[in-house]
Amino acid sequence: EDQVTQSPEALRLQEGESSSLNCSYTVSGLRGLFWYRQDPGKGPEFLFTLYSAGEEKEKERLKATLTKKESFLHITAPKPEDSATYLCAVPQKDYKLSFGAGTTVTVRA
Amino acid sequence: KAGVTQTPRYLIKTRGQQVTLSCSPISGHRSVSWYQQTPGQGLQFLFEYFSETQRNKGNFPGRFSGRQFSNSRSEMNVSTLELGDSALYLCASSLALGFEQYFGPGTRLTVT
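Residues numbered from 1 in each chain as written. Chains lettered and ligands numbered in written order. Predicted model: local features only at pLDDT ≥ 70, side-chain atom pairs only at ≥ 80, totals over all residues. Heavy atoms only, no water.

Opposite charge on two side chains permits pairing when their charged atoms draw close. All names here are of chain B. Within the structure shown, the criterion is met by nine salt bridges over all chains. Between Arg-73 and Glu-75 there is a salt bridge whose closest N-O contact spans 3.5 Å. In this structure Glu-75 comes out as buried when scored by relative accessible area, which is 17%. What you see here is one network of salt bridges that share partners, running through Arg-63, Glu-82 and Asp-85. (Salt bridge = Lys/Arg side-chain N within 4 Å of Asp/Glu carboxyl O. Buried < 20%, exposed > 50% of the residue type's maximum accessible area, 1.4 Å probe, protein only.)

Right under this line is the structure:
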């Protein structure tokens, strides 16, 4: 089964302190990589889809990038409201999505 | 466009009972997936439906079942509830298999 690994497990940031989250995957023939944000007790919120190496997507303070074996989610000048768990996922050969365990980001004011 | 809706949002059941959860996908989406999420655990895949057919199934006992209707709406059923079934059950819809999924708010099931 394809593997999706996210690091670090947890990230504590000071407001304004930029950082990056990593999502590495093992899948042949990538059909897309998806990023989600999840707040406690809520369903994950879709953020981005990346399809090919070199592709970048941005939304407010978030920017997702993709290489052949990993993706990064960069958080620029984070605010407390960016605190959440960020998940990445890739479709397997049978199209089932494999999710990483997530990175929990806490931004302190 | 309306998002994914799930009903009920909260449910309290007793061990041994059964429960049915409902999911209405985004209009035009034909694929529905179900996940279980417990504290400290990631998303555990239950099953996925496309065009009323179960296409994928996770490693859950046969007490967990589901179906999809011709309008793409889906239900999942859990029979003979156990305390360990207490979790947030999430439904997600997508245009087709392998596309990005959009999640509903979830149903919080508590088994006492």
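So, about the nonpolar core. Within the largest apolar cluster, 23 residues are counted, with the highest numbers of intra-cluster contacts made by Leu-33, Trp-35, Leu-73, Tyr-86 and Val-105 of chain A. Counting only elements with at least two residues in this core, the list comes to strand S2 (10-14), strand S3 (19-26), strand S4 (33-38), strand S5 (45-50), strand S7 (62-66), strand S8 (70-75), strand S9 (84-91) and strand S11 (103-108) of chain A. No other element matches S9 of chain A, which puts four residues into this core. Residues within four places of Leu-73 of chain A in sequence aside, it is in contact with Ser-19, Ser-20, Leu-21, Trp-35, Phe-48, Leu-62, Lys-63, Ala-64 and Tyr-86 of chain A. Membership of the second largest hydrophobic core comes to 21 residues, among which are Leu-21, Val-32, Leu-46 and Tyr-49 of chain B. (Core = buried A, V, L, I, M, F, W, Y, C linked by side-chain atoms within 4.5 Å. Helix = DSSP H or I, 4+ residues; strand = E, 2+ residues; numbered from the N terminus. Contact = heavy atoms within 4.5 Å.)

Quick look at the sheet that holds strand S3 (residues 19-24) of chain B now. All names here are of chain B. As summarised here, the arrangement of the four strands in space is S1-S3-S8-S7, forming an open sheet in which the pairing is antiparallel. Lying at the two open borders of the sheet, with one neighbouring strand each, are strand S1 (5-7) and strand S7 (64-68). Pairwise comparison of adjacent strand axes, ignoring direction, gives a mean angle of 15° for this sheet. (Pairing = 2+ DSSP bridges. Axes fitted to C-alpha atoms, helices over the stretch in contact; angles between N-to-C directions.)

Contact with chain B, which involves 18 residues of that partner, is made by 17 residues of chain A. Across the chain B/chain A interface, buried area totals approximately 1400 Å², and carbon plus sulfur atoms make up 59% of it. Counting the surface chain B buries against chain A, the share from its top three residues, Gly-98, Glu-100 and Phe-103 of chain B, is 31%. The interface formed by chain B and chain A holds zero salt bridges in total. The tally of links from chain B across to chain A stands at four residue pairs in polar contact (both at pLDDT 80 or more). By residue class, the composition of the side of chain B that touches chain A is 10 nonpolar, five polar and three charged. (Buried area = accessible area lost by both parts, 1.4 Å probe. Polar contact = N/O pair within 3.5 Å; in protein donor to acceptor, adjacent residues only side chain to side chain. Nonpolar A, V, L, I, M, F, W, Y, C, P; charged D, E, K, R; others polar.)

Turning next to the pairing of S11 of chain A. In regular strands, side chains alternate between the two faces of the sheet. Residue and element names in this part refer to chain A. Side chains Thr-103, Val-105 and Val-107 project from S11 onto a buried face, and the interleaved Thr-104, Thr-106 and Arg-108 project onto a face without burial. Bridge count for S2 against S11 is five bridges, and the pairing is parallel. Paired with Ala-10 across the bridge in S11 is Thr-104. In terms of strand pairing, S9 meets S11 through three bridges, oriented antiparallel. Opposite Tyr-86, over in S11, you have Thr-103 as the bridge partner.

Everything listed here is a matter of coordinates, which is why it stays silent on function.
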